[in-house]
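# Remarks on the overall topology
One letter stands for each residue in the lines below.
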Amino acid sequence: METDEAGATRLVPDPRHRLPGRGAWLHPTGDCLDQALRRRAFGRALHTSAAPDPAAVTAYVEAQASGREQ
């Protein structure tokens, strides 16, 4: 999870498990991502009230599904 200059919270994939801070586990499948977004699980797991932007995680999951490594 990152916060940009405007204060927006973004989700960031960490496939090597090396980034500092709080994290949330997610199977790299579209179904799991859709379910997590529907249930607003990222906000609860990361203890934030703001809805984080899942664009980077969505792109990572789509790349995994198509067989490309990011």
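First, a word on what this report is: a plain description of the structure on this page. (Residues numbered from 1 in each chain as written. Predicted model: local features only at pLDDT ≥ 70, side-chain atom pairs only at ≥ 80, totals over all residues. Heavy atoms only, no water.)

One finds Leu11, Leu33, Ala36, Phe42, Leu46, Val57 and Val61 forming the largest nonpolar core, which totals seven residues. Going through the elements one at a time, helix H1 (30–38) and helix H3 (55–65) are the ones with two or more residues in this core. In this view, Val57 contacts Leu11, Val12, Pro13, Leu26 and Leu33; residues no more than four positions away in its chain are not counted. (Core = buried A, V, L, I, M, F, W, Y, C linked by side-chain atoms within 4.5 Å. Buried < 20%, exposed > 50% of the residue type's maximum accessible area, 1.4 Å probe, protein only. Helix = DSSP H or I, 4+ residues; strand = E, 2+ residues; numbered from the N terminus. Contact = heavy atoms within 4.5 Å.)

Let us now look at the layout of surface pockets. There is about 660 Å³ of room inside the largest pocket. Lining the largest pocket are 22 residues, with Val12, Pro13, Asp14, Gly23 and Ala24 sitting closest to its centre. Considered class by class, the residues forming the lining of the largest pocket number 16 nonpolar, three polar and three charged. Looking at the second largest pocket, its volume works out to about 170 Å³. Surrounding the second largest pocket, 13 residues form its lining, Arg40, Phe42, Gly43, Ala51 and Pro52 being those nearest its centre. Among the secondary structure elements, those contributing two or more residues to the lining of the second largest pocket are H1 and helix H2 (41–45). With three residues, H2 is the largest single contributor of residues to the lining of the second largest pocket. Of the residues in the lining of the second largest pocket, the class split is nine nonpolar, three polar and one charged. (1 Å grid on protein atoms, 1.4 Å probe; cavity = no way out; pocket = protein on both sides within 12 Å on 5 of 7 lines; lining within 4 Å. Points joined across faces, edges and corners; volume = space filled by probe spheres on them. Nonpolar A, V, L, I, M, F, W, Y, C, P; charged D, E, K, R; others polar.)

Looking now at unusual backbone geometry. Despite not being glycine, Arg40 shows a phi value in the positive range, around 55°. Structurally, Arg40 can be placed in the loop between H1 and H2. Positioned with a positive phi, His47 is a non-glycine residue whose angle comes to about 55°. Mapped onto the fold, His47 is located in the loop between H2 and H3. Judged by its relative accessible area of 62%, His47 falls in the exposed class.

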